[in-house]
Amino acid sequence: MSSILIVDDERDIRELVGDILKDEGFSIRLAGNSDDCMAEIEKEAPSLVILDIWLKDSRMDGIDILKTVKRNNPDVPVVIISGHGNIEIAVAAIKQGAYDFIEKPFNIDQLMVVVTRAMEASRLRRENNELRRKDVSSTKMLGASPAFKVLRAQLDKVVKSNGRVMLSGPAGSGKEMAARYIHSNSNRAEAQFVTVSSAGIEPDRMEEILFGRETSERGLEKGLLEQAHGGVVYLDEVADMPSGTQSKMLRVLVEQQFTRVGGVEKVRVDLRVISSTSRDLRAEISAGRFRQELYDRLNVVPIVVPSLEDRREDISELTRSFIEVLHSTQGLPLRALSPDAEAALQTMHWPGNIRQLRNVIERVLILGESSGPIQASELPGGTAGNGNDSRMVIGGALATMALREARELFEREYLLTQINRFGGNISRTASFVGMERSALHRKLKSLGVVKGRDVEDDL
């Protein structure tokens, strides 16, 4: 966008305004009626439109053109001018999205102030959009575990298509990051990525937020679907979408258009839809809480996002990435991981998955030391006090067992913990515990750990 489009049915007026703006260094284009105006916009969206509200011998008046411009090119500011202006017209124009209103005959200085401000607002909006796109495109998928490699391979297969993707997996496992990865590597990467948090929106406001609304008091307010036009809309936790909204969303997927709440005009949108759920949607369908037809439309390409428990090998890399991000964004200490902290993180229980891991690391960096490696004692459940005290506190059933039984129980739990830590890789587990691979297999067999159920083959 590099020019200002001046639309006025009076040739003298549009040429006068054009000459003034050219003298100020702006590139200008002229149009005398609605057809010429729309043709110019179709050819190349301008940086600004200066629009007469009354256009003789035109199919559309200024308000109609304004509505069309704001629907199809929402980032283009429109300044309305009129020789028949009154406060009602000005209010109507502002409600429909006009940047400002100037009444003829206008003062040149006034015109330049409005134009300069409108151009600056347009520039800032474009820069903000560009920053948001850069933020999305910088999203990194980190990991090297078998489960992560399967996920990454599936995501890479769908990035270049427009097919709808359903991401399933436990809460906090990184479903939104996977959705952003698809967007940032797709042919829609330069367009918007808009998240619809189904669980975070009040049910009685869901349709207004999704589809927008039109009221006499506030005029036209665009919804999230319209804001995502040309890009990706991410339906987070789609199972929480109200049943009434589900039927309307189904129609959007079928027709690629909808009507704003309180409006009558159809709004056409070009969207790629990615959805996610941490619930069993088939069970929700059986219970009558989710529409089968909507599920069928959304579940074109189903992809399972693994839990952190299934990709423990990635915990160290994820942790170091979180430390770097928190250091650069919040100024928290840039600390390394001690071997004991790394082992502790790999063996902890993570019901909250990647989100929980990030929260734990942020808490440690805020409350812990300002320098030096992170120690296991700083982690939740870590032992505080003298780090040289290596005694174990034995309690519960273990304390009542004979030595042989206790030793077998300990060995079984210890080896299973290490196997889980290394993603089921027997060779890496054997190397860490200091055993030959064949000896480890024999030990596991003697302890009743059945290969194929508790232990995976080497990958």
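Residues numbered from 1 in each chain as written. Predicted model: local features only at pLDDT ≥ 70, side-chain atom pairs only at ≥ 80, totals over all residues. Heavy atoms only, no water.

## Describing the packing of aromatic side chains
Aromatic ring pairs: the centre-centre distance and the angle between the two ring planes describe each pair. Considering all chains together, one arrives at three aromatic pairs under this definition. With 6.0 Å between their ring centres and 25° between their planes, Phe193 and Tyr234 make a pair best called stacked. Of this pair, Phe193 sits in strand β7 (residues 193-197) while Tyr234 sits in strand β10 (residues 232-236), and the two are 41 residues apart along the sequence. Tyr234 shares its class with Phe193; the two are buried. Seen in terms of ring centroids, Phe410 and Tyr414 are 5.7 Å apart; in terms of plane orientation they differ by 20°. Their pairing is stacked. Taken together, the residues span about one helical turn, with Phe410 and Tyr414 both in helix α16 (residues 403-421) at a distance of four residues. (Phe/Tyr/Trp six-rings, centres within 6.5 Å; stacked < 30°, edge-to-face > 60°. Helix = DSSP H or I, 4+ residues; strand = E, 2+ residues; numbered from the N terminus. Buried < 20%, exposed > 50% of the residue type's maximum accessible area, 1.4 Å probe, protein only.)

## Overview of the sheet that holds strand β14 (residues 301-304)
Across the sheet, five strands lie side by side as β7-β10-β13-β6-β14; this open sheet has parallel pairing. Each edge of the open sheet carries a strand with a single partner, namely β7 and β14. Strand after strand, the sheet turns through a mean of 20° between neighbouring axes, direction not considered. Summarising the sheet, β10 and strand β13 (residues 272-277) pair through four bridges and their orientation is parallel. Across the sheet, the residue bridging to Leu235 is Ser275, located in β13. (Pairing = 2+ DSSP bridges. Axes fitted to C-alpha atoms, helices over the stretch in contact; angles between N-to-C directions.)

## Here we look at the sheet that holds strand β4 (residues 78-82)
Sheet architecture is open: five strands sit in the order β2-β1-β3-β4-β5, paired in parallel fashion. Two strands bound the open sheet, and with one partner strand each, they are β2 (28-31) and β5 (100-103). Strand after strand, the sheet turns through a mean of 20° between neighbouring axes, direction not considered. Two elements, β4 and β5, share four bridges in a ladder whose sense is parallel. Pairing of Val79 across the sheet is with Asp100, part of β5. Packing against the sheet, helix α3 (residues 62-72) makes contact with β3 (48-52) and β4, and its axis sits at approximately 160° to β3. (Contact = heavy atoms within 4.5 Å.)

It is worth stressing that arrangement in space is one thing and function is another; only the former is reported here.
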